[in-house]
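# Coordinates in review
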Amino acid sequence: MRIAVAATAAALLGVLATAAPAEAHTTLTSSDPAKDATVAAPAQIRLTYADPVRFPGVVLLDAKGGHHEAGKASAVDNHVTQQVGGALAPGVYTVGWRVVAEDGHPVTGEYKFTVQGGSPSAAQTAPAGAASSAPASPAAEPVRHTSSAGWWWIGLVVIVLAVIGGALALLRRRSAGGRA
């Protein structure tokens with residue numbers, strides 16, 4: 001009996017020690033408007049990821065926290081599109097996004113861009129090469145991964161240790177009962 005418990009415990013620990021969680025999260029590779037770009041008011045936000053994504057969520061906020069999305073974001077393969085609700089006034093806007101990667105993990109991020117005003121002074125402050133018709137370029141703040149994989153492993157180790165402890169306690173009782 002002791003040999004069976006020890007073999008089972010060794011096998012479980014071997015599996016736990018060699019198994020690695022999946023880390024195939026996707027990343028945002030480009031956006032239109034691009035991060036930190038100064039552009040004319042866009043009609044939509046287009047985000048491109050390294051891999052196909054699903055369940056997209058995109059928010060477009062002005063400096064006061066007002067929302068400017070029209071409808072829900074749509075995902076086709078690795079592209080997410082969010083329509084903009086109405087014409088955007090000049091100012092700084094924040095794009096916040098959340099998608100679910102192919103491996104099932106949510107991935108989030110945000111970046112800012114500026115809508116230029118109609119005055120010549122606003123156009124002069126635009127960075128060289130920034131234009132609304134520019135192709136999507138690398139964008140976004142560092143990707144924040146939200147994962148519970150670490151907690152899953154900790155919980156599994158606790159369960160395995162509890163089973164081993166229970167098995168050892170049972171063996172001690174049986175061996176103590178056999179001596180009496």
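First things first, this report covers the structure right here in the doc.

### Here we look at the overall build of the protein
Secondary structure assignment for the protein yields three helices and nine strands. Secondary structure elements of the protein, listed N to C terminal, follow the sequence α-β-β-β-β-β-β-β-β-α-β-α. Sequence separation of 24 or more characterises 67% of the internal contacts of the protein that already satisfy a separation of 6 or more. Total accessible area on the protein is roughly 10700 Å²; 62% of this is exposed by carbon and sulfur atoms.

### A word on the nonpolar core
Counting 23 residues, the largest nonpolar core has Ile 45, Leu 47, Tyr 49, Leu 60, Val 80, Trp 97 and Phe 113 as the members making the most contacts within it. Listing elements by their share of this core, those giving two or more residues are strand S3 (44-49), strand S4 (53-61), strand S6 (79-84), strand S7 (91-101) and strand S8 (106-115). Of all the elements, S7 adds the most residues to this core, at five residues. In contact with Tyr 49, other than residues within four places in its own chain, are Thr 26, Thr 27, Leu 28, Thr 29, Asn 78, Val 80, Trp 97 and Val 99.

### A word on the environment of Ala 63
Relative to the elements of secondary structure, Ala 63 occurs in the loop between S4 and strand S5 (69-76). Once the C-alpha coordinates of Ala 63 and Tyr 93 are considered, the two residues, 30 residues apart in sequence, prove to be 6.2 Å apart.

### Things to note about the sheet that holds strand S1 (residues 28-32)
Taking strand neighbours across the sheet as the criterion, the four strands line up as S1-S3-S6-S5 in an open arrangement whose pairing is antiparallel. Two strands in the sheet have a free side with no partner beyond their single neighbour: S1 and S5. With direction set aside, neighbouring strand axes in the sheet form an average angle of 15 degrees. Pairing of S3 with S6 involves five bridges; the strand directions are antiparallel. Its bridge partner lying in S6, Leu 47 is registered against Val 80.

### What about the side chain of Ser 31?
Looking at the element boundaries, Ser 31 is found in strand S1. Looking at Ser 31, the relative accessible area reads 0%, which means it is buried. In this structure the side chain of Ser 31 is engaged in a polar contact, spanning 3.5 Å, whose partner is the side chain of Tyr 111.

### Some remarks on the packing of aromatic side chains
To describe a pair of aromatic rings, one takes the distance between the centres and the angle between the planes. For the coordinates displayed, the defined rule picks out two aromatic pairs. Pairing Tyr 49 with Trp 97 gives two aromatic rings, centres 5.3 Å apart and planes at 70 degrees, and the pair type is edge-to-face. You can see Tyr 49 sitting in strand S3 and its partner Trp 97 sitting in strand S7, a full 48 residues away along the chain. Both rings, one in Tyr 93 and one in Phe 113, keep their centres 5.9 Å apart while their planes meet at 25 degrees; by these two values the pair is stacked. Of this pair, Tyr 93 sits in strand S7 while Phe 113 sits in strand S8, and the two are 20 residues apart along the sequence. You'll find Tyr 93 and Phe 113 in the same group, each marked buried.

### Remarks on the pairing of S8
Strand residues, when the strand is regular, have side chains that alternate between the two faces of the sheet. Within S8, seven of the 10 residues are buried, leaving the element largely enclosed by the surrounding structure. The sheet contact formed by strand S2 (residues 38-39) and S8 spans two bridges and is parallel. Of the residues in S8, the one forming a bridge with Thr 38 is Thr 114. Connecting the antiparallel pair S7 and S8 is a turn made up of four residues, with Gly 104 showing a positive phi of about 90 degrees.

### Considerations on the pairing of S3
When S1 meets S3, the two strands line up antiparallel, connected through four bridges. Counted as the bridge partner of Asp 32 is Arg 46 from S3.

### Regarding the environment of His 25
Here His 25 is to be found in the loop between helix H1 (2-18) and S1. Looking at His 25, its side chain comes within polar contact range of the side chain of Asp 103, at 3.3 Å.

Conventions and cut-offs
- Residues numbered from 1 in each chain as written.
- Predicted model: local features only at pLDDT ≥ 70, side-chain atom pairs only at ≥ 80, totals over all residues.
- Heavy atoms only, no water.
- Helix = DSSP H or I, 4+ residues; strand = E, 2+ residues; numbered from the N terminus.
- Contact = heavy atoms within 4.5 Å.
- Areas by Shrake-Rupley, 256 points an atom, 1.4 Å probe, with all protein chains shown as cover.
- Core = buried A, V, L, I, M, F, W, Y, C linked by side-chain atoms within 4.5 Å.
- Buried < 20%, exposed > 50% of the residue type's maximum accessible area, 1.4 Å probe, protein only.
- Pairing = 2+ DSSP bridges.
- Axes fitted to C-alpha atoms, helices over the stretch in contact; angles between N-to-C directions.
- Polar contact = N/O pair within 3.5 Å; in protein donor to acceptor, adjacent residues only side chain to side chain.
- Phe/Tyr/Trp six-rings, centres within 6.5 Å; stacked < 30°, edge-to-face > 60°.

Function-wise, these values are silent; they only describe arrangement.
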